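# Fold and geometry: a report
Chain by chain, the residues:
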There are 2 protein chains.
Amino acid sequence: MSETITLRDAKSIIENQIEELAKRNKEPEWMTRIRYNALEAFERAPHRDPVISEEELLHFIAKPEIEGLPEKVESLDDLPPEMKALLDRLGINEVEQKYIAGLAVQTDTGVIYNQFLQEWAKKGLIVLPTEEAVRKYPDIVKEHFLRLFRADESKLTAYHTAVWNGGIFLYVREGLKVPFPLHLFFLIQESALAQAPHIIIIAEKNSEFHLIEGCTAPILVRHSLHLDMTEAYLQDGARAQLTVLQNWPEYVHTRPMTRAKIGKGARFINTTVGLGSGKSNVANPKYWVDENGYVELNGILLGQKDWYVDLGGEMYLQGKGAAGINASKAVIMNESRVITRGVIKAEAPKTKGHISCDALLMSDRAVMETYPGLVSRVDDAELSHEAAIGKIREEELFYLMSRGLSEEKATQLIVRGFLEPMLKDIPMEFLVEIRRIIELAVSGGM
Amino acid sequence: MSETITLRDAKSIIENQIEELAKRNKEPEWMTRIRYNALEAFERAPHRDPVISEEELLHFIAKPEIEGLPEKVESLDDLPPEMKALLDRLGINEVEQKYIAGLAVQTDTGVIYNQFLQEWAKKGLIVLPTEEAVRKYPDIVKEHFLRLFRADESKLTAYHTAVWNGGIFLYVREGLKVPFPLHLFFLIQESALAQAPHIIIIAEKNSEFHLIEGCTAPILVRHSLHLDMTEAYLQDGARAQLTVLQNWPEYVHTRPMTRAKIGKGARFINTTVGLGSGKSNVANPKYWVDENGYVELNGILLGQKDWYVDLGGEMYLQGKGAAGINASKAVIMNESRVITRGVIKAEAPKTKGHISCDALLMSDRAVMETYPGLVSRVDDAELSHEAAIGKIREEELFYLMSRGLSEEKATQLIVRGFLEPMLKDIPMEFLVEIRRIIELAVSGGM
């Protein structure tokens, strides 16, 4: 970092970005006001990131340092070859061939989505760039935008709120069951703006869907900070799955912010597959669960190189009979550091919660830490947790090797067997790629 | 609190106490210098207590508010009847009858111990009031006093170090196996001085002993803060047990500070039976474990009334093959709040650690929180934890009641069955009393 950026400098940069965004998005005044309020909050909000210092944050704001990319991407063919190759590796083309379907590509100025989705809109499935939803459905957006967060919680929430751009607005009408997974991919491209997509998910009563976010950032980017925010509202009886595939390159810091309100009898399964967590990945999703509602947070965490991965997760079991599970499996290599710290708070009778954390440490320079928390405020909740950190058992390895497998193959097989139970809800076409990435990582080939 | 006590006021009160202690104990100059250094540290040291504010702490220093007690207690017969009754309830007389033995009663000016121990001294068992040890064995005390703590860690460690008085110096010669449990009882009596006993335990190679501390504070005391500090040094192959029976009345805040260095192949079992934890009881013992050493922290925690009980425990497995277990069982009633937060850090190969926490919540106004932590810095450690918070299962209760037990008796039986496995190392004469206290508590009779 060559020059010092002051808080005042950063504020004035953000102010310019707000003006630009307001103009570019033809944004209604109420939204721009939210941005300016967040800008004020940015100044006084605390900054408590375990990795990014305030100085660095200001630097990221001033100098995103990224190289250019095509301004507009209308179809996958417009993507630069490197990026297309990356999507190929993740099996995107296969997905498209299968569904010709729910694919939306997030660039930092908006969302590209295809004809297919416009037909489903008639049945009650609305997928729009959030900016467009702001103009088209102002009342619904107003009712849900920044209701699960406060801009002044931290400098990062304030910054996101001031400059959010891109993101998906997903609305699923009462009773509609979407039969195919919806795919959403983030590509960090441009430049002057932060990558700060804002995702709003509204699932009406008894609706069902599965949204898959594949976060891939091509090698074109030099430095970056990814600050997505997801607000999910599941009405009574809705069943939603949100699967996030993270494969960030190692110089991106990501701070995914996810919160969900889960209505009576609703069910939310949130799976994070952290194949490439970037330089650092810090997340503490929160879930409020109403009567007989259910939430599941599954974390598959791969620690490589000098990555810092920190996955929290707070579940508030507020309605009678609400239940939550926070389960993670981590494979930790090289000099990476992986931390899990789920918390479940039982605040209503007959609630149940379980936290589990299993980790395989593959290197003695790697560090694994787990700090689960259970809080019970009622006398008839059932809360439990369990964790195990260890290495691959030598007997297991020797057994497989005695059957003719090389040590590398045996190790890959054991790691795969360790992680596989967590991947139960991942569509097969992703699973193939995920397995390949894990195998490569375990063999030191990434 | 009627008047405001400033930090300056508190310092000058502590200064007077240091002068008094130095004179009364005919203290060598080096020890008095330690006190004065701690007084300086007190001013700048942080104060981070979850219950006692800095204002309250200063108030405790200025106004212990306790009523008078006999100046000298030479034998149990000199005790006021209330206190004697309390000791009777804890089975002390039986203990004495059995061993006529290792009984030491801590008053706030020193330790009374009997003839019996003087005979064992010849075999290499030294039990002395810490003040006396300072004069008699200055080199040994200098080498071990405040080596596992720093006075400036917090206002409480600084305050303790400045005004420590009383406490036991326990030295067990190489290879000596003490065949009877040593009993040490704290009685908060006097007044102008804080109750801040300093306990030094030195177990030479391959020695063995079991020290039982019974902390009982008679009803005579109106307000108080108990700040004991224990430093235990277990040399290679030593096997030591430290059992602490806490039965503080509900207006005493206790902050037991315990740390131990556990040598190669040594074994330290530290059991805390918190029957009466006082208004609040906050402890975070620390253990450093060398090659093939073993440490066990067992917490039996009874939460009653509006008590605040917060038991941590940090284990550093520093030598190859070191192992640690942190196990707690809590029964939580009324409006009490019980927190457990053990941490095990594996810093050497082939280390093993396990944390478990089980809690029975008996009231829906009570709160249980558990935050275990596991940190592994090596690839071949085995760390695990498990926890379960719940209430008594109705089926279990109904089954016992169908066999003719009243609900109260059935509940008592279940709670006893729940806690019993943790009480395996408690001598029988204490066990009888402990069971009675638990039964009374569960029936709301305390």
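Chain A carries the name SufD family Fe-S cluster assembly protein in an unreviewed UniProt entry, which gives Thermococcus waiotapuensis as its organism.

## Here's the deal with the environment of Thr6(A)
Residue and element names in this part refer to chain A. Structurally, Thr6 is set in the segment before α1 (7-24). You can call Thr6 partly exposed: its relative accessible area is 37%. As a C-alpha pair, Thr6 and Ala62 span 56 residues in sequence and 9.7 Å in three-dimensional space.

## Structural notes on the pairing of strand β9 (residues 229-234) of chain B
Residues and elements named next belong to chain B. Most of β9 sits out of view: six of its six residues are buried. Neither face of β9 is left uncovered, since the one carrying Met229, Glu231 and Tyr233 and the one carrying Thr230, Ala232 and Leu234 both have all their residues buried. Across six bridges, the pairing between strand β6 (residues 198-203) and β9 is parallel. Residue pairing in the sheet places His198 in a bridge with Met229 of β9. By the bridge criterion, six bridges tie β9 to strand β12 (residues 257-262) in an arrangement that is parallel. Within β12, the residue paired with Thr230 across the bridge is Thr258.

## So, the pattern of salt bridges
In the structure shown here, the tally under the stated rule is 38 salt bridges over all chains. Across the pair Lys391(B) and Glu394(B) runs a salt bridge whose closest N-O atoms are separated by 3.2 Å. Among the residues examined, Lys391(B) registers a relative accessible area of 28% and is labelled partly exposed. Relative accessible area serves as the criterion here: at 37%, Glu394(B) is assigned to the partly exposed category. Among the charged side chains, a salt-bridge network with shared partners connects Lys11(A), Glu40(A) and Glu43(A).

## A word on the relation of the copies chain B and chain A
The two chain copies are connected by a rotation around an axis plus a translation along it. With an axial shift of 0.0 Å and an RMSD of 0.0 Å, the rotation relating chain B to chain A amounts to 180°. Overall, the copies show the geometry of a two-fold rotation axis. Taking the C-alpha atom as reference, chain B places Glu386(B) closest to the rotation axis, 2.0 Å from it.

## Comments concerning the layout of surface pockets
As a volume, the largest pocket reaches approximately 790 Å³. Forming the walls of the largest pocket are 29 residues, and the residues nearest its centre are Arg48(A), Val282(A), Ala283(A), Asn284(A) and Glu314(A). Broken down by secondary-structure element, the contributors of at least two residues to the lining of the largest pocket are α9 (155-163), β12 (257-262), β14 (280-283), β18 (314-317) and β21 (343-346) of chain A. Looking at the lining of the largest pocket, its residues break down into twelve nonpolar, seven polar and ten charged. A volume near 680 Å³ is recorded for the second largest pocket. Contributing to the lining of the second largest pocket are 24 residues, with Arg48(B), Pro50(B), Val282(B), Ala283(B) and Asn284(B) lying nearest its centre.

## Observations regarding the interface of chain B and chain A
The partner chain A presents 31 residues to the 31 residues of chain B that form the contact. Summed over both sides, the interface of chain B with chain A buries roughly 2600 Å², with 50% coming from carbon and sulfur. Residues Glu382(A) and Arg393(B) are paired through a salt bridge, measuring 3.7 Å at the closest nitrogen-oxygen approach. Inspection of the chain B/chain A interface yields nine residue pairs in polar contact (both at pLDDT 80 or more).

## Side note on helix α2 (residues 29-44) of chain B
All names here are of chain B. The end-to-end C-alpha separation of α2 is 24 Å, in line with the 22 Å expected for 16 residues at 1.5 Å each. Here α2 has its buried residues at Trp30, Met31, Thr32, Arg35, Ala38, Leu39, Ala41 and Phe42. On its buried face, α2 sits against α1 (7-24), α3 (54-62), α7 (130-136), α8 (138-144) and α9 (155-163).

Criteria and thresholds
- Residues numbered from 1 in each chain as written.
- Chains lettered and ligands numbered in written order.
- Predicted model: local features only at pLDDT ≥ 70, side-chain atom pairs only at ≥ 80, totals over all residues.
- Heavy atoms only, no water.
- Helix = DSSP H or I, 4+ residues; strand = E, 2+ residues; numbered from the N terminus.
- Buried < 20%, exposed > 50% of the residue type's maximum accessible area, 1.4 Å probe, protein only.
- Pairing = 2+ DSSP bridges.
- Salt bridge = Lys/Arg side-chain N within 4 Å of Asp/Glu carboxyl O.
- Least-squares fit on C-alpha atoms with pLDDT ≥ 70 in both.
- 1 Å grid on protein atoms, 1.4 Å probe; cavity = no way out; pocket = protein on both sides within 12 Å on 5 of 7 lines; lining within 4 Å.
- Points joined across faces, edges and corners; volume = space filled by probe spheres on them.
- Nonpolar A, V, L, I, M, F, W, Y, C, P; charged D, E, K, R; others polar.
- Contact = heavy atoms within 4.5 Å.
- Buried area = accessible area lost by both parts, 1.4 Å probe.
- Polar contact = N/O pair within 3.5 Å; in protein donor to acceptor, adjacent residues only side chain to side chain.
- Expected span 1.5 Å × (residues − 1).

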